[in-house]
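Overview (structure and organization)
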Amino acid sequence: MDNLKYYNNSLAHDFSMFMPKEHKENIAYESVAVATPKARAKAVQKRKAATKHLSVSAFSVLVALFFLSVLCANLALRLKINEINSDINDIKSEIKVLDSEKKGLIMEYEERISYSNIELEAAELGMCKMDKSQVKYIRVNDKNTAVTKDGTTVSEK
C-alpha cells in the first residue's frame, strides 16, 4: 500500500481503507491430483526427451551456422587474395613496360654518344685530331725549374 499520499499535507481522507474487503466467490479451484511414481517418471522422461530433442536441434543449428560462417569467411578471404593477385599482376605488367622503355632510352642514349657520332659532330664544328705539330715541349735545365709567361719561377720544391 502506498502511504505517501497521506503525508502531503492534505485534509482529504481516503475512506476506502476502512471499507470491508469483498470476497470473490467465482474462484475455480483446481483439483490437486497426486501423481504416482510411474506417472512422475513418465513425465520426467517426456521433459528430458523434449529438452534433449531441443538441445540436439539447437546444437545442429549452431553447427550449421558455424560452418556457414566459416564458408563465408573462406569466400571473403579468397576474393581478397584474388584482388591482391590482380593488383600484383598489374604492377608486374607496368614494370615490364617501364623496363622496355628504359632499354629503349638506353639504346637511344648510347646511339647519341657513340664514338662515330662524336667524331661527326667534332668535324662539323671544325675540330680535328691532335698531331705532333700542336704539341709544345718545355725544356728544363738541370735544376728542375721552369719560368712561366708571367716571369715566376716554378721549381721542384
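Residues numbered from 1 in each chain as written. Predicted model: local features only at pLDDT ≥ 70, side-chain atom pairs only at ≥ 80, totals over all residues. Heavy atoms only, no water.

Moving on, we get to the overall build of the chain. Secondary structure assignment for the chain yields two helices and two strands. What you see in the chain, going N to C, is helices and strands ordered as α-α-β-β. For the chain, with 157 residues in total, the buried portion stands at 0%. On the chain, roughly 16500 Å² of surface is accessible, and the fraction owed to carbon and sulfur atoms is 61%. (Helix = DSSP H or I, 4+ residues; strand = E, 2+ residues; numbered from the N terminus. Buried < 20%, exposed > 50% of the residue type's maximum accessible area, 1.4 Å probe, protein only. Areas by Shrake-Rupley, 256 points an atom, 1.4 Å probe, with all protein chains shown as cover.)

The description of an aromatic ring pair uses the distance of the two centres, along with the angle that the planes make with each other. For the structure on display, the rule yields one aromatic pair. A ring pair is formed by Phe66 and Phe67, whose centres lie 5.8 Å apart and whose planes are at 65°; its orientation type is edge-to-face. (Phe/Tyr/Trp six-rings, centres within 6.5 Å; stacked < 30°, edge-to-face > 60°.)

All right, on to the environment of Lys129 then. Here Lys129 is to be found in the loop between α2 (115-124) and β1 (145-147). Distance in space between the C-alpha atoms of Lys129 and Glu119 is 9.4 Å, their sequence separation being ten residues. Setting aside its immediate chain neighbours within four residues, Lys129 contacts Tyr115, Glu119 and Gln134. (Contact = heavy atoms within 4.5 Å.)

Summarising the model, the chain shows a mean pLDDT of 80, and 75% of its residues fall at 70 or more. Helix α1 (residues 37-112) holds the highest mean pLDDT among the elements of the chain, 89, whereas β1 holds the lowest, 75. (pLDDT = per-residue confidence, 0-100.)

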